[in-house]
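Next come the chains, spelled out residue by residue.
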There are 2 protein chains.
Amino acid sequence: MSQLPASTKAITLAHYPKGLPTLDTFHTVELPLPAELQPGEVALRAEWLSVDPYLRGRMREGAKSYVPPFELNKPIVSGIVARVIASKDDNFKVGDRAISLLPWQDYIVINPSTHPAGPPFSLQKLDKFPPGVSFSNAVGALGMPGLTAYFGLLDIGDPKEGETVFVSGAAGAVGSLVGQIAKLKGCRVVGSAGDDEKVAWLKEELGFDDAFNYKTVGDLNEAVAKACPKGVDVYFDNVGGAISDAVTLQINPYGRISVCGQISAYNEDGSNPTATTGPRHDWILLTRNVKKEGFIVGRPAWAKRYPEALAQLAGWVASGQIKVRETVVEGLESAPKAFLNLFDGSNTGKMVVKVAADAQ
Amino acid sequence: MSQLPASTKAITLAHYPKGLPTLDTFHTVELPLPAELQPGEVALRAEWLSVDPYLRGRMREGAKSYVPPFELNKPIVSGIVARVIASKDDNFKVGDRAISLLPWQDYIVINPSTHPAGPPFSLQKLDKFPPGVSFSNAVGALGMPGLTAYFGLLDIGDPKEGETVFVSGAAGAVGSLVGQIAKLKGCRVVGSAGDDEKVAWLKEELGFDDAFNYKTVGDLNEAVAKACPKGVDVYFDNVGGAISDAVTLQINPYGRISVCGQISAYNEDGSNPTATTGPRHDWILLTRNVKKEGFIVGRPAWAKRYPEALAQLAGWVASGQIKVRETVVEGLESAPKAFLNLFDGSNTGKMVVKVAADAQ
């Protein structure tokens with residue numbers, strides 16, 4: 001128990017933000033830790049912390065989302081890779097890496113058998129992690145974002161060789177994987193992103209066939225039409241709003257729209273992200289036999305297939321067929337800013353917080 | 001050939017309407033008929049003519065719909081049941097009933113082998129029609145509207161016993177069949193319609209569990225929530241617009257939305273039915289794992305299964321498990337008014353024109 005301090009820094013939710021959250025939305029506090037572990041408990045040192053756009057949905061009072069809202073003045077919870085530093089659970093020994101939905105704290109004490117996240121989000125050892133690959137990938141390409149890209153593209157989008165796949169938010173944690181998986185499936189891949197450096201990365205490093213900066217390209221309808229001369233067969237949507245309107249106009253007969261994220265709307269209103277309006281496009285779905293399906297990666301039918309998907313993703317990452325890029329910020333106290341930066345497009349690839357300076 | 005007159009009345013498209021069409025949108029003209037049939041040709045007496053909301057989509061200049069726009073000053077074309085009155089095609093003999101997409105004329109001469117509608121819309125004999133059932137049903141429950149209800153509900157909606165199915169435009173040609181098929185599948189069925197008489201018909205005659213008049217019920221969100229206390233598992237949408245917004249708010253996790261019609265939008269703009277705006281609800285699709293799929297009944301994958309579907313529908317109609325109601329107007333010259341009445345809700349069940357006074 002020598003490594004477990006008497007208290008830990010934690011980041012809590014100070015209030016339910018209206019519109020865009022700010023640094024004032026979060027508090028940094030010091031929480032006491034138990035002097036001794038109870039039977040079944042483990043003590044963890046947080047190493048890699050994931051900030052994800054979906055967390056915004058949990059910062060709504062009384063939100064009827066797929067996960068309950070965060071409690072005020074309690075730590076924010078997200079995917080965290082941690083190192084076991086003390087253990088009274090035979091399944092975890094000191095030095096093991098494990099992942100779960102965990103509180104934003106430097107040090108965490110939980111009982112894995114009662115940890116409330118529940119399967120598939122209970123504390124899982126990363127003992128099958130590929131050698132030479134940073135454990136940070138467990139919250140990225142080899143974790144929730146990877147699974148999101150894998151199932152959302154392959155199961156809902158069902159891309160066929162030669163088809164055109166459009167990805168919005170293409171330089172983000174999920175979008176950058178979606179585009180690369182679609183390329184592996186033999187598709188023409190086009191993406192939109194929010195700055196020129198990201199666009200260059202998509203085209204020059206990730207092998208996107210085309211990409212554009214939605215902020216500067218001008219007329220979005222023309223931009224999508226020009227980049228997709230054969231129309232769009234699969235649209236993987238991370239963003240919603242204007243870019244989705246433009247892509248929908250170019251959707252081909254029997255096209256598939258996989259709705260993964262709506263980051264353009266998450267901060268529109270403090271309590272109701274559907275308060276924004278846009279063109280009614282159901283007429284297009286109808287006349288072109290188009291399917292639009294939203295999804296959460298935690299679908300039970302998919303959870304059973306996580307091992308298969310993670311093995312496939314690990315193979316692609318290990319072989320270099322999928323390139324991973326991270327935007328890393330350091331220290332637990334940087335987590336709020338890292339989260340806020342998701343909404344101004346600061347991140348390229350996965351935004352991750354390196355909580356422990358010696359994280360591997 | 002004694003029954004074939006020298007000319008026939010025809011209804012043509014006078015102009016591409018902006019907004020709601022009017023009687024001026026149509027012209028009644030007299031067209032010459034050939035003095036003698038060429039080899040392979042048949043002469044037809046129109047008996048039952050179908051007016052359908054989708055025809056509005058063909059009255060747009062340069063419309064990129066799934067069917068090309070009607071040509072100006074040419075007859076409107078829709079589903080018509082006709083009696084063969086002369087034939088130089090061995091597959092059709094005098095007295096046969098046949099159906100196809102045909103011009104709005106009292107008398108029609110075509111060559112079935114080259115008739116441009118193409119399969120599955122080529123001229124088809126109604127020789128397997130159930131005894132005692134009016135041939136008008138070939139443009140209703142045992143025709144395109146029946147197939148639309150069958151595939152749109154069962155294949156896309158995939159309703160399970162005990163689930164709640166909501167149908168908008170529930171008293172229309174398709175909606176009234178959808179609700180009855182859903183009842184046969186053991187669902188709780190709720191519908192919306194535009195007048196109290198229709199609502200009473202749905203509840204008292206067709207066995208809907210609940211229904212309301214969307215024009216007078218007040219707050220639509222509250223009305224849907226009250227009528228669907230367990231939420232909505234399958235939404236069969238004939239209408240679009242405000243009622244669809246309200247139903248979407250009540251959609252259950254893993255719900256299915258089958259987009260069949262958008263009659264609320266068809267006349268919004270002369271060239272672009274997606275010009276109207278509404279709340280962005282993709283966030284709901286995402287967080288609830290909802291699938292929304294639009295469809296046209298002519299999907300090739302379904303066309304192969306038309307015989308199976310029509311046999312099932314014919315059985316339900318013959319046994320009285322599905323009740324059919326028609327709103328019948330008489331005479332070819334009534335067709336424009338019948339079509340216009342689709343948009344003011346005058347019809348209950350299938351709107352059909354009895355072109356020949358002796359039609360059976």
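Above this text you will find the structure in question.
The model shown is predicted, which means the values in this text are computed figures rather than measured ones. (Residues numbered from 1 in each chain as written. Chains lettered and ligands numbered in written order. Predicted model: local features only at pLDDT ≥ 70, side-chain atom pairs only at ≥ 80, totals over all residues. Heavy atoms only, no water.)

**Q** Where do I start with the packing of helix α4 (residues 220-227) of chain B against helix α5 (residues 241-249) of chain B in this structure?
**A** When two helices pack together, their arrangement is given by the angle between their axes and by how far apart the axes lie. Residue and element names in this part refer to chain B. Where α4 meets α5, the closest approach of the two axes is 8 Å, and the angle between their N-to-C directions is 50°. The angle between α4 and α5 falls in the class oblique. In this structure, α4 meets α5 at a crossing whose hand is right-handed. Contacts between α4 and α5 pair Leu 220, Asn 221 and Val 224 from the former with Ala 242, Ile 243, Ala 246, Val 247 and Leu 249 from the latter. Looking at side-chain class alone, the contact of α4 with α5 contains seven nonpolar, one polar and no charged residues. (Axes fitted to C-alpha atoms, helices over the stretch in contact; angles between N-to-C directions. Helix = DSSP H or I, 4+ residues; strand = E, 2+ residues; numbered from the N terminus. Parallel < 35°, antiparallel > 145°, perpendicular 65-115°, else oblique. Left-handed = near helix turned anticlockwise from the far one by under 90°. Contact = heavy atoms within 4.5 Å. Nonpolar A, V, L, I, M, F, W, Y, C, P; charged D, E, K, R; others polar.)

**Q** Would you mind showing me how to read the packing of helix α1 (residues 144-157) of chain A against helix α8 (residues 306-319) of chain A here?
**A** Residues and elements named next belong to chain A. Where α1 contacts α8, the two axes come as close as 10 Å, and the packing angle between them is 105°. As judged from the angle between their axes, α1 and α8 are roughly perpendicular. From α1, Gly 146, Leu 147, Tyr 150 and Phe 151 reach across to α8, where they touch Tyr 306, Glu 308, Ala 309, Leu 310, Gln 312, Leu 313 and Trp 316. Across the contact of α1 with α8, the residue classes tally to eight nonpolar, two polar and one charged.

**Q** Just to check I follow, could you spell out the pattern of salt bridges for this structure?
**A** Working definition: two side chains of opposite charge can pair if their charged atoms are close together. Residues and elements named next belong to chain A. Inspection of the entire model under this criterion finds 40 salt bridges over all chains. A salt bridge links Lys 183 to Asp 209; its shortest N-O distance comes to 2.9 Å. Here Lys 183 is found in helix α2 (residues 173-184), whereas its partner Asp 209 is found in the loop between α3 (196-204) and β10 (210-213), with 26 residues between them in sequence. The partly exposed category is assigned to Lys 183, whose relative accessible area is 29%. (Salt bridge = Lys/Arg side-chain N within 4 Å of Asp/Glu carboxyl O. Buried < 20%, exposed > 50% of the residue type's maximum accessible area, 1.4 Å probe, protein only.)

**Q** What is the right way to read the relation of the copies chain B and chain A from this model?
**A** The two chain copies are related to each other by a rotation about an axis together with a translation along it. Take chain B, turn it by 180°, move it 0.0 Å along the axis, and it overlays chain A with an RMSD of 0.0 Å. One copy is carried onto the other by what is essentially a two-fold rotation axis. With an isologous cut-off of 70% or more, the 100% of interface residues of chain B that recur at the interface of chain A puts this contact in the isologous class. (Least-squares fit on C-alpha atoms with pLDDT ≥ 70 in both.)

**Q** Looking at this structure, I do not really get the pairing of strand β11 (residues 232-237) of chain A. What am I missing?
**A** Two faces make up the sheet, and in a regular strand the side chains alternate between them. All names here are of chain A. Buried residues dominate β11, accounting for six of its six residues. Pairing of strand β8 (residues 164-167) with β11 involves three bridges; the strand directions are parallel. The residue bridging Phe 166 from the neighbouring strand is Tyr 235, located in β11. Note on the crossover from β11 through helix α5 (residues 242-249) to strand β12 (residues 251-259): the handedness is right-handed. (Pairing = 2+ DSSP bridges. Right-handed = clockwise from strand over helix to strand, strands pointing away.)

**Q** How should the nonpolar core be read in this particular structure?
**A** Generally speaking, soluble globular proteins have nonpolar side chains that are buried together. Trp 104, Phe 166 and Phe 339 of chain B are the most contacted members of the largest nonpolar core, which totals 58 residues. Of the domains in this structure, domain 1 (7-140 + 325-354) and domain 2 (144-294) of chain B are the two that each give at least three residues to this core. Among the nonpolar cores identified, the runner-up in size contains 57 residues, and Ala 98, Ile 108, Ile 296 and Ala 335 of chain A belong to it. (Core = buried A, V, L, I, M, F, W, Y, C linked by side-chain atoms within 4.5 Å. Domains from an automatic or database assignment.)

**Q** Got a minute to help me understand the pairing of strand β4 (residues 77-87) of chain B in this structure?
**A** Residue and element names in this part refer to chain B. Within β4, nine of the 11 residues are buried, which leaves it mostly tucked inside the rest of the structure. Two strands pair when backbone bridges link them, and strand β3 (residues 42-50) and β4 are joined in this way by seven bridges, in the antiparallel orientation. For Arg 45, the partnering residue across the bridge sits in β4 and is Arg 83. In this structure, β4 lies alongside strand β5 (residues 97-103), joined through seven bridges in antiparallel fashion. Across the sheet, residue Ile 80 finds its bridge partner in β5, namely Ser 100.

That is the geometry; function is a separate question.
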